Amino acid sequence: MSHLVFVYGTLRKGQHNHHFLKQSKKLGDWITPPQFALYDLGRYPGMIFGKKKVVGEVYIVNDDVLASLDRLEDVPIEYRREQIETIFGLAWVYLYQFDLTEQREILSGDWCKRE
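Residues numbered from 1 in each chain as written. Predicted model: local features only at pLDDT ≥ 70, side-chain atom pairs only at ≥ 80, totals over all residues. Heavy atoms only, no water.

Trainee: Before we go on, may I ask you to explain the layout of surface pockets in this structure?
Mentor: The gaps left among the atoms become clear once a water-sized probe is rolled over them. Size it by volume and the largest pocket reaches roughly 240 Å³. In this structure, the largest pocket is lined by 16 residues; those nearest its centre are Thr10, Asn17, Tyr44, Glu73 and Tyr79. Its residues placed into classes, the lining of the largest pocket shows 9 nonpolar, 4 polar and 3 charged. (1 Å grid on protein atoms, 1.4 Å probe; cavity = no way out; pocket = protein on both sides within 12 Å on 5 of 7 lines; lining within 4 Å. Points joined across faces, edges and corners; volume = space filled by probe spheres on them. Nonpolar A, V, L, I, M, F, W, Y, C, P; charged D, E, K, R; others polar.)

Quick look at the structure:
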C-alpha cells in the first residue's frame, strides 16, 4: 500500500535522514496553511499545531518506509502521526508530543533556513 508523507526537517532533501526516502518518489514541495509551528530541538525539529506556516516536501512511500519512519520518529512516544490535507491529498505528518516552552521557535517555518 502507498502513503503520502509530509516531511519538514531532517528527512528533507539534503538533510541527514533523507536516505530513509531514497527509494520514495517526491511529489513536490509544499507549505502548510498557518496552522502549525516549528521548533528547533537541536539535531532535529518538532512541529506542533500553531498559527504559522511550515515548509516541507511530500513523498509517496510504501508500508515498509512508513514503518521505518515511525521507528525513526519514535511513534507513539516522541511524535504522533496524523494526517493533514496537502495539495497532493491527505498526507501523514509527524507532530511532536513533548513540551516546547524552553525551545526556540523557527519563525520562518523552514528547518533548512533556520538561523
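Trainee: Before we go on, may I ask you to explain the nonpolar core in this structure?
Mentor: What tends to happen in soluble globular proteins is that the nonpolar side chains get buried as a cluster. In terms of nonpolar packing, the biggest core is built from 31 residues, with Phe6, Tyr8, Leu21 and Met47 touching the most fellow members. Secondary-structure elements contributing two or more residues to this core are strand S1 (2–7), strand S3 (36–40), strand S5 (55–62), helix H1 (63–72), strand S6 (79–86) and strand S7 (89–96). Considering every element that reaches this core, the biggest residue donor is S7, with 5 residues. Those residues within four positions of Met47 in sequence are excluded, and the remaining contacts are Phe6, Tyr8, Phe36, Ala37, Leu38, Val54, Val93, Tyr94, Leu95 and Tyr96. (Core = buried A, V, L, I, M, F, W, Y, C linked by side-chain atoms within 4.5 Å. Buried < 20%, exposed > 50% of the residue type's maximum accessible area, 1.4 Å probe, protein only. Helix = DSSP H or I, 4+ residues; strand = E, 2+ residues; numbered from the N terminus. Contact = heavy atoms within 4.5 Å.)

Trainee: Got a minute to help me understand the pattern of salt bridges in this structure?
Mentor: Opposite charge on two side chains permits pairing when their charged atoms draw close. Counted by the stated rule, this structure contains 8 salt bridges. Between Lys26 and Glu57 there is a salt bridge whose closest N-O contact spans 3.9 Å. Separated by 31 residues along the polypeptide, Lys26 in strand S2 (residues 25–31) and Glu57 in strand S5 bring together distant segments of the chain. Judged by its relative accessible area of 32%, Lys26 is partly exposed. Here Lys52 ties to Glu105 by a salt bridge, and the two come within 3.2 Å at their closest N and O atoms. With a gap of 53 residues between them, Lys52 in the loop between strand S4 (45–49) and S5 and Glu105 in strand S8 (residues 104–105) connect regions that are remote in the sequence. (Salt bridge = Lys/Arg side-chain N within 4 Å of Asp/Glu carboxyl O.)

Trainee: Got a minute to help me understand the UniProt feature "active site" (unreviewed entry) in the chain in this structure?
Mentor: Within the UniProt annotation, "active site" (unreviewed entry) is assigned to Glu73. By the element assignment, Glu73 lies in the loop between H1 and S6. Those residues in contact with Glu73 that sit more than four places away from it in its chain are Leu11, Glu78, Tyr79 and Tyr94. (UniProt positions renumbered as here; feature names shortened; annotations may be inferred.)

Trainee: Whenever I open this one, the sheet that holds S8 confuses me. Can you help?
Mentor: Two orientations exist for strands paired in a sheet by backbone hydrogen bonds: parallel and antiparallel. If you walk across this open sheet you meet the 3 strands as S4-S3-S8, and the pairing is antiparallel. Each edge of the open sheet is held by one strand with a lone partner, namely S4 and S8. One ladder, built from 2 bridges, connects S3 with S8; its direction is antiparallel. Residue pairing for S8: Asp40 is matched across the bridge by Arg104. (Pairing = 2+ DSSP bridges.)

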